[in-house]
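# Fold and contact review
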Amino acid sequence: MLKKKKENNNEFCAKLVVLYYFLLPIYLILQLTIGIKAHFTVPIIYLLIVIKNYKRLNFKFFIYVIIFFLIQMPYSLYKYYNYLYNWFGLMYLLFICSLPWFVVGNSLDNLDALVIEFKKNVLYIIVSNILLILFCKFTGRTMLGNMEISYAILPLVMFSLLIFLREKNIKFLIISIFSGLVILIVGSRGSLLCIACFILFYHLFNFNKKILYTTIVAIIGFIIILNLNPIIDFMINSLENYGISSRTLYKLKNGDILNDTGRGKIQDVVWEELNENPIMGLGLGGERIIVNERIYNMSKDMSSCYPHNFIIEVLSQYGYIWGMLIIIFLLCIFLKALEKSKENEKNVVLLLFSMDIIKLFISSSYIMSPMFFLLLGICFNKDGGKNR
């Protein structure tokens, strides 16, 4: 009976995650339509679901995570009392939109349930992504270079790719290729890097069992690299025949794919301020207020003034010493989660890491990243949650 109950609770959590992937494009449509008010729709619904079903969830370790952030708050409140409205907006994103997902991740004992639920609901996720594309098309919203659209489509690519790699199911290969092409056309370099990292990690961690397969993939990759320019030209010409242009392909062709898009200026300001506060740091969310004040004269949305790099963000908020300890701790708990995961689960952990952590080194912020806290909860579960 207890085993059946745990299985049901695990399935419930997996459904919550897949529902998130389904709602992600719809959530983006709401953001494009009603702006910041969208933050009071889907996240609130999820919070209410978590509260209503709290008996089905594992809250072990959650109190420690809450205490950790509460300890940081007095310093930030003191330092930025002139910008409390802006600062509390960030804390809403952290405590309401993101942190509840730690509990969901910490309740996932069997990560295979995520793949099973995704397979069951892949059609709905495809439909929600199509709705997002049609919305942008018919409302005249720009899609080229749209980072949010790329990241909304990314779960569809990644999970479909994982299912193909595990089961050799051609249907999911087709889904991953077509949705990946949309990302390529839309033009987000970050999403493409997440996909590339997952493919690399998957083959590195499964190398011993699939030497022949991995060797073939490596040879194909080598051939593609040798013929990269002709391939890029072919893809550009093929897309242009249909009236489609890809910013990413043009950047690859011109050799400026790694060119800065404004992040450097933000990071320079953050490093400068951090060097003036090396021990205490800038406080929780403090780097955003400083960037907004110094660069944009407080005219920007606070949620877009982050350093675009997870390590810089953590160091800037907590100082060099405390920040480095946090980064080392997170790395250790992730590696231990990989070590303690079963074979199939290990690939799911690698997928979530590639999709949600790699992204934090290019764009987005952990404060407003629900899936960062989902993965953190999963890591805590693998490390100590089995003994609850």
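So, here's what we can say about the structure. (Residues numbered from 1 in each chain as written. Predicted model: local features only at pLDDT ≥ 70, side-chain atom pairs only at ≥ 80, totals over all residues. Heavy atoms only, no water.)

## Thoughts on unusual backbone geometry
- Positive phi, normally seen in glycine, also occurs at phenylalanine 61, with a value near 80°.
- The topology assignment puts phenylalanine 61 in the loop between helix H2 (42-52) and helix H3 (62-79).
- Of note, lysine 168 is a non-glycine position whose phi angle comes to about 55°, a positive value.
- Relative accessible area serves as the criterion here: at 41%, lysine 168 is assigned to the partly exposed category. (Helix = DSSP H or I, 4+ residues; strand = E, 2+ residues; numbered from the N terminus. Buried < 20%, exposed > 50% of the residue type's maximum accessible area, 1.4 Å probe, protein only.)

## A few points about the packing of aromatic side chains
- Evaluated as defined, the whole model comprises 26 aromatic pairs.
- Aromatic side chains phenylalanine 310 and tyrosine 366 sit 6.1 Å apart centroid to centroid with 90° between the ring planes, which places their arrangement in the edge-to-face category. Taken as a pair, phenylalanine 310 in helix H15 (residues 310-318) and tyrosine 366 in the loop between helix H17 (343-357) and helix H18 (370-384) lie far apart in primary sequence, 56 residues in all.
- On the basis of relative accessibility, which here comes to 3%, the residue tyrosine 366 falls in the buried class.
- Pairwise contacts between aromatic rings join Phe68, Phe69, Phe95, Phe310, Tyr318, Trp322, Phe361, Tyr366, Phe372 and Phe373 into one cluster.
- Sitting over the face of the ring of tyrosine 151, lysine 359 holds its NZ or CZ atom 5.1 Å from the ring centroid. (Phe/Tyr/Trp six-rings, centres within 6.5 Å; stacked < 30°, edge-to-face > 60°. Lys NZ or Arg CZ within 6 Å of the ring centre and 35° of its normal.)

## Points about the packing of helix H13 (residues 263-276) against helix H14 (residues 286-296)
- Interaxial distance between H13 and H14 falls to 10 Å at its minimum, and their mutual angle equals 115°. Judged by the sense of rotation from one axis to the other, the crossing of H13 with H14 is right-handed. Contact residues: Lys265, Ile266, Val269, Val270, Glu272 and Glu273 in H13; Glu287, Ile290, Val291, Arg294, Ile295 and Tyr296 in H14.
- Here the contact of H13 with H14 is built from residues that sort into seven nonpolar, no polar and five charged. (Axes fitted to C-alpha atoms, helices over the stretch in contact; angles between N-to-C directions. Left-handed = near helix turned anticlockwise from the far one by under 90°. Contact = heavy atoms within 4.5 Å. Nonpolar A, V, L, I, M, F, W, Y, C, P; charged D, E, K, R; others polar.)

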